[in-house]
Amino acid sequence: MIRTATAGDVPAIVAMIRELAVYEKAGHEVRATEQHIHEALFGDRPAAYAHIAETDGVVEGFALWFLNFSTWQGVHGIYLEDLYVRPEARGRGHGKALLAELARICTERGYGRLEWSVLNWNTPSIDFYEAMGAIPMREWTGYRLTGEALDGLASAEVAGRTGSARGVPAHPAGSH
């Protein structure tokens, strides 16, 4: 069964975030606490949403997502941050059911797309996604600022508060 996450699911969600990070060979990078996730999902200004896959009251997977926006389409979309099904529960349809629920939300609300990222080496997930009709966005390269690079850019002197910092255009190409 797929259902909307509740505050009581936060410990299970955090545990599965850690399990996913270990699977993705990045367990050492997890900094999220139950407090972080609770605030993000259920705080005064929720920034993310989650759905739970469960069988007989046992949480077996989750999807954590947030809204994005396409300037080209002029409507929101869903960005799926994490989709995880515990190894012992795989093959029972939970992953597809979680994605189907997010697709349903997109169509019900008039959102233009459902998108996510997958590690290049994760062929079981890639095969799963492509079997459902998902297409890789090979012409796009993801970028990320974290740590010192993020802090450095944040503290950079902004020329005239126009949105330009050290030669960075105010509206980077492809940011739609």
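Anything mentioned here points back to the structure above.
The present account deals with the structure reproduced in this document. (Residues numbered from 1 in each chain as written. Predicted model: local features only at pLDDT ≥ 70, side-chain atom pairs only at ≥ 80, totals over all residues. Heavy atoms only, no water.)

Topic: the overall build of the protein
So, point 1. Scanning the protein from terminus to terminus reveals five helices and five strands.
So, point 2. Ordered by position in the sequence, the α and β elements of the protein form the string β-α-α-β-β-β-α-β-α-α.
So, point 3. Across the 176 residues in the protein, those meeting the buried criterion constitute 31%.
So, point 4. Long-range pairs, those at least 24 residues apart, make up 54% of the contacts in the protein with a sequence separation of at least 6.
So, point 5. Approximately 11600 Å² of the protein is accessible, and the part contributed by carbon and sulfur atoms is 55%. (Helix = DSSP H or I, 4+ residues; strand = E, 2+ residues; numbered from the N terminus. Buried < 20%, exposed > 50% of the residue type's maximum accessible area, 1.4 Å probe, protein only. Contact = heavy atoms within 4.5 Å. Areas by Shrake-Rupley, 256 points an atom, 1.4 Å probe, with all protein chains shown as cover.)

Observations regarding unusual backbone geometry
So, point 1. The backbone of lysine 25 shows a phi angle near 60 degrees, a positive value even though the residue is not glycine.
So, point 2. For lysine 25, a relative accessible area of 60% gives the class exposed.
So, point 3. Here the phi dihedral of aspartate 56 falls at roughly 50 degrees; this positive angle occurs in a residue that is not glycine.
So, point 4. Structurally, aspartate 56 can be placed in the loop between strand 2 (49–55) and strand 3 (58–70).

Details of the nonpolar core
So, point 1. Ile13, Met16, Ile37, Leu41, Ile52, Phe62 and Leu64 are the most contacted members of the largest nonpolar core, which has 17 residues in total.
So, point 2. For this core, the element with the highest residue contribution is helix 1 (residues 10–23), accounting for seven residues.
So, point 3. Leave out the neighbours within four places in its chain, and leucine 64 touches Ile13, Leu41, Ala48, Tyr49, Ala50, Tyr79, Leu80, Glu81 and Asp82.
So, point 4. By size, the runner-up hydrophobic cluster in this structure holds 13 residues, among which are Ile78, Leu102, Cys106 and Tyr111. (Core = buried A, V, L, I, M, F, W, Y, C linked by side-chain atoms within 4.5 Å.)

So, the sheet that holds strand 1 (residues 2–4)
So, point 1. As summarised here, the arrangement of the five strands in space is 1-2-3-4-5, forming an open sheet in which the pairing is mixed. Lying at the two open borders of the sheet, with one neighbouring strand each, are strand 1 and strand 5 (114–116). Averaged over neighbouring strand pairs, the angle between their axes works out to 35 degrees when direction is ignored.
So, point 2. As defined by bridge partners, strand 4 (residues 75–85) adjoins strand 5 across three bridges and the pair is classed as parallel. Among the inter-strand pairings, leucine 80 is bridged to a residue of strand 5, identified as tryptophan 116. (Pairing = 2+ DSSP bridges. Axes fitted to C-alpha atoms, helices over the stretch in contact; angles between N-to-C directions.)

Brief notes about the pattern of salt bridges
So, point 1. If you walk through the whole model with that rule in mind, you get eight salt bridges.
So, point 2. A salt bridge links aspartate 9 to arginine 3; its shortest N-O distance comes to 2.7 Å.
So, point 3. Judged by relative accessible area, aspartate 9 falls into the buried class, the value being 6%.
So, point 4. Note that glutamate 130 and arginine 138 form a salt bridge whose closest N and O atoms lie 3.9 Å from each other.
So, point 5. Using a relative accessible area of 37% as the deciding quantity, one classes glutamate 130 as partly exposed.
So, point 6. Three or more residues joined by partner-sharing salt bridges are found here, namely Arg3, Asp9 and Glu54. (Salt bridge = Lys/Arg side-chain N within 4 Å of Asp/Glu carboxyl O.)

A look at the packing of aromatic side chains
So, point 1. Under the counting rule described, the total for this entry stands at five aromatic pairs.
So, point 2. Each ring, one from tyrosine 23 and one from tryptophan 121, has its centre 5.7 Å from the other, and the planes form 55 degrees; the classification is tilted. Pair noted here: tyrosine 23 is in helix 1 and tryptophan 121 is in the loop between strand 5 and helix 4 (123–131), with a separation of 98 residues, a long-range link.
So, point 3. Classification of tryptophan 121 as partly exposed rests on a relative accessible area of 37%.
So, point 4. Centroid distance phenylalanine 128 to tyrosine 129: 5.6 Å. Interplanar angle 55 degrees. Geometry classified as tilted.
So, point 5. Assessed through its relative accessible area of 31%, phenylalanine 128 is described here as partly exposed. (Phe/Tyr/Trp six-rings, centres within 6.5 Å; stacked < 30°, edge-to-face > 60°.)

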